[in-house]
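Coordinates in review
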Amino acid sequence: MMQKDTLYQNIRVYWLAFIAYWGIVLFGYDTGVGGGVVQETYFQNAFGVDAKHKNDVSSDVVSVLQAGAFFGALGSAPISADVRASSDHARSSHVHSMRCLSPAIAPRCARRADRSAAAIGRRWTLLIFTTVFSVGAILQTIAGGSRGLGYVYAGRVVAGVGIGAISAVAPAYVSECAPKDVRGRITGLFQIMVAIGVMLSYFINLGISLHEPSGPQVWRIPFGFQLVPAGIMALGLLTVTESPRWLASKGRPDDALAALAYLRRRHPDDDS
């Protein structure tokens, strides 16, 4: 009975990691899929890319994604966590609340509370940027005809913002929710999930080049496939809890304890 309890105790943590790391698969997939799509002859003809400039376009399609990812990663920090939170926040919260009863200090405390409200946590940050990524994926997918190469570039930038933020927040979210005995194992899956995403992009591009070498499906299937893992991640995030550490840093110890107990499959009053 004890072995079974140990085996399944962290099942909710593994589920949380499985959901959050779909965003890491997206990062690998998007990194690999763009260049392969641009190399297709039908894509080049449809978007007026001549042989002289196809390498430049391929480089641009890949690089604008990385540029968006850079700004997405930077922008995720003030949204996912209170940048002023520190390890001693929980110890000082009671003292701070007592000081805020003073009329002289109360206005300053109110301003701090307003600023803190901007941080919405790990889970909702991931959900928001998954939606941002999906918008970028849609822009790439609908390109063609009167919607020229600009739609592909714009979609790549927007998608880059999404996966940049996801790749910055997801590992922190998973590590904050995982107990120390499995934390290294779970967070170490990051690179594996990137490799899986790249592998999927290569196989999809190969399948398209072999079986659908002409028609708008040359780019719409690879770009549209991005919405599958994004949808799984978005729906899955509705089934997981917020980071206990983030909840504690926001002065919500009861919610943090409840989230921790849920992840460990323990009662909140369990001392173990």
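Small disclaimer: the values here were computed from a predicted structure and weren't measured.

Thoughts on the overall build of the protein
Tallying secondary structure elements over the protein gives 15 helices and zero strands in all. The buried share of the protein, reckoned over its 272 residues, is 42%. Intrachain contacts of the protein at a sequence separation of at least 6 include 79% that bridge at least 24 residues. Accessible surface for the protein amounts to roughly 14000 Å². Of this, 64% is attributable to carbon and sulfur atoms.

Structural notes on the confidence of the model for the protein
Per-residue pLDDT for the protein averages 81, and the proportion of residues at 70 or more is 82%. Mean pLDDT values for the elements of the protein range from 38 in helix H6 (residues 89–99) up to 95 in helix H13 (residues 227–237). Residue range residues 83–118 is modelled with pLDDT below 50. Its contacts to residues more than four positions away, or to other chains, number 20 contacts.

Remarks on helix H2 (residues 11–20)
Among the residues of H2, those classed as buried are Val13, Leu16, Ala17, Ile19 and Ala20. The buried residues of H2 all sit within an arc of 160 degrees when viewed along its axis, so they share a single face.

Points about the environment of Ser80
Mapped onto the elements, Ser80 comes out in helix H5 (residues 54–80). You can call Ser80 buried: its relative accessible area is 2%. In contact with Ser80, other than residues within four places in its own chain, are Gly121, Arg122, Thr125, Val169 and Trp246.

Considerations on the UniProt feature "transmembrane region" (unreviewed entry) in the protein
Here the UniProt feature "transmembrane region" (unreviewed entry) sits at residues 12–29, 61–81, 124–145, 151–174, 186–208 and 220–240. Spanning residues 151–174, this segment combines 100% helix with 0% strand, and its end C-alpha atoms are found 34 Å apart.

Quick look at a nonpolar patch on the surface
Together, Leu189, Ile192, Ile196, Met199, Phe203, Leu206 and Leu210 give the surface a local cluster of nonpolar side chains, amounting to about 650 Å² of exposed area. Assignment of secondary structure puts Leu210 in helix H11 (residues 189–211).

Side note on the side chain of Ser76
By the secondary structure assignment, Ser76 is in helix H5. Taking the relative accessible area as the measure of exposure, Ser76 reaches 2% and is therefore buried. If sequence neighbours within four positions are ignored, Ser76 has contacts with Thr125, Phe129, Ala165, Ala168 and Val169.

As for the packing of aromatic side chains
Following the criterion strictly, the structure yields nine aromatic pairs and no others. Aromatic pair Tyr42 and Trp219: ring centres 6.2 Å apart, planes at 20 degrees, arrangement stacked. With a gap of 177 residues between them, Tyr42 in helix H4 (residues 41–46) and Trp219 in helix H12 (residues 217–224) connect regions that are remote in the sequence. Look at Phe43 and Phe47: their rings are 4.5 Å apart centre to centre, the planes differ by 35 degrees, and that puts the pair in the tilted class. Accessibility assignment for this pair places Phe43 and Phe47 in one class, buried.

Here's the deal with the nonpolar core
Of all hydrophobic cores here, the largest spans 29 residues; its most connected members are Leu16, Leu126, Tyr173, Val174, Ile186 and Leu237. Counting only elements with at least two residues in this core, the list comes to H2, helix H3 (22–38), helix H8 (122–141), helix H9 (149–177), helix H10 (180–187), H11 and H13. Per-element tally for this core: the top contributor is H9, with seven residues. Those residues in contact with Tyr173 that lie beyond four places of it in its chain are Leu16, Ala20, Arg122, Arg123, Leu126, Val240, Thr241, Glu242 and Ser243. The next biggest cluster of nonpolar side chains, apart from the first, holds 17 residues, and it includes Val37, Ile208, Val218 and Phe223.

Details of H3
End to end, H3 covers 25 Å across 17 residues, agreeing with the expected 24 Å (1.5 Å per residue, within 8%). With 14 of its 17 residues buried, H3 lies for the most part within the structure.

Conventions we followed
Residues numbered from 1 in each chain as written. Predicted model: local features only at pLDDT ≥ 70, side-chain atom pairs only at ≥ 80, totals over all residues. Heavy atoms only, no water. Helix = DSSP H or I, 4+ residues; strand = E, 2+ residues; numbered from the N terminus. Buried < 20%, exposed > 50% of the residue type's maximum accessible area, 1.4 Å probe, protein only. Contact = heavy atoms within 4.5 Å. Areas by Shrake-Rupley, 256 points an atom, 1.4 Å probe, with all protein chains shown as cover. pLDDT = per-residue confidence, 0-100. Arc of directions from axis to C-beta. UniProt positions renumbered as here; feature names shortened; annotations may be inferred. Patch = residues over 30% accessible without salt bridge, like charges linked within 9 Å, V, L, I, M, F, W, Y side chains within 5 Å. Salt bridge = Lys/Arg side-chain N within 4 Å of Asp/Glu carboxyl O. Phe/Tyr/Trp six-rings, centres within 6.5 Å; stacked < 30°, edge-to-face > 60°. Core = buried A, V, L, I, M, F, W, Y, C linked by side-chain atoms within 4.5 Å. Expected span 1.5 Å × (residues − 1).

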